[in-house]
Amino acid sequence: MGDTPGTSDGASGAGGEPTLEEQIAAYQREFQDLDPQVEKIVSALSRLNRRMNVAYGRQTAALGISNAEWEVLKALVLSGAPYRMGPSDLAKRLGLTPAAMTHRIDRMVGEGLVTRERDESNRVRVIVELTPEGREKWLEAMRLASVFEEDLLQDLSPVERTLLGEVLTTLLRRVERAQPDAGGRLSDLD
């Protein structure tokens, strides 16, 4: 089951989230078929993901962009130079509806992070392109993230990092095969 959304990440008591051990004990009390080893792994991954998302959100906010805008910048950078994509391609890559993508692009054009222009070779088609300001925001976010990520993994040896990367990639591949359509969002909330 992992963690449930919306719970706080504190120590046990005072309305805080229970420790992993307390959570697993409660789950086992209520559901005897629970494998505590599996639950510890899944719950730890869930909590780690949530805390990392909060940290990344703070970093992007400090740069004056949202996580949603960061995702668009990242998609454009990953597309390669000249960092251009159609809005429908962006929407598909990010798991958004066309309307949500249009809303996001509108904001980003207004902030100078991207441009939106008609494709010269096909006037019906629109192209979203990363601006120099947008690329700089992406680079700033990457600099901040790399410091955070190095700190996160500082207690792991190079061998442990390699092994962890391989194990997590194996899990990711299994989920991607079983849930190929789960890359996006359940709903458009931005």
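No experiment lies behind these values; they were computed from the predicted model shown.

**Thoughts on the pattern of salt bridges**
With the rule as written, the count across this model stands at eleven salt bridges. With a shortest N-O distance of 3.0 Å, Glu-17 and Arg-50 are connected by a salt bridge. On the criterion of sequence distance, the pair formed by Glu-17 in the segment before helix H1 (20-30) and Arg-50 in helix H2 (residues 36-62) is long-range, its members being 33 residues apart. Glu-150 is the partner of Arg-161 in a salt bridge, and the nearest nitrogen-oxygen pair spans 3.4 Å. Of this pair, Arg-161 sits in helix H7 (residues 158-178) while Glu-150 sits in helix H6 (residues 132-152), and the two are eleven residues apart along the sequence. Judged by its relative accessible area of 29%, Arg-161 is partly exposed. When salt bridges with common partners are traced through the structure, they connect Glu-17, Arg-47 and Arg-50 into a single cluster.

**So, the packing of helix H3 (residues 67-78) against helix H5 (residues 98-110)**
As a packed pair, H3 and H5 sit with axes 10 Å apart at the nearest point and diverge in direction by 90 degrees. With respect to H5, the element H3 is oriented roughly perpendicular. Every residue of H5 that contacts H3 at Ala-68, Glu-69, Glu-71, Val-72 and Leu-73 is listed here: Met-101, Arg-104, Arg-107 and Met-108. The residue makeup of the contact of H3 with H5, split by class, is five nonpolar, no polar and four charged.

Rules and cut-offs
- Residues numbered from 1 in each chain as written.
- Predicted model: local features only at pLDDT ≥ 70, side-chain atom pairs only at ≥ 80, totals over all residues.
- Heavy atoms only, no water.
- Salt bridge = Lys/Arg side-chain N within 4 Å of Asp/Glu carboxyl O.
- Helix = DSSP H or I, 4+ residues; strand = E, 2+ residues; numbered from the N terminus.
- Buried < 20%, exposed > 50% of the residue type's maximum accessible area, 1.4 Å probe, protein only.
- Axes fitted to C-alpha atoms, helices over the stretch in contact; angles between N-to-C directions.
- Parallel < 35°, antiparallel > 145°, perpendicular 65-115°, else oblique.
- Contact = heavy atoms within 4.5 Å.
- Nonpolar A, V, L, I, M, F, W, Y, C, P; charged D, E, K, R; others polar.

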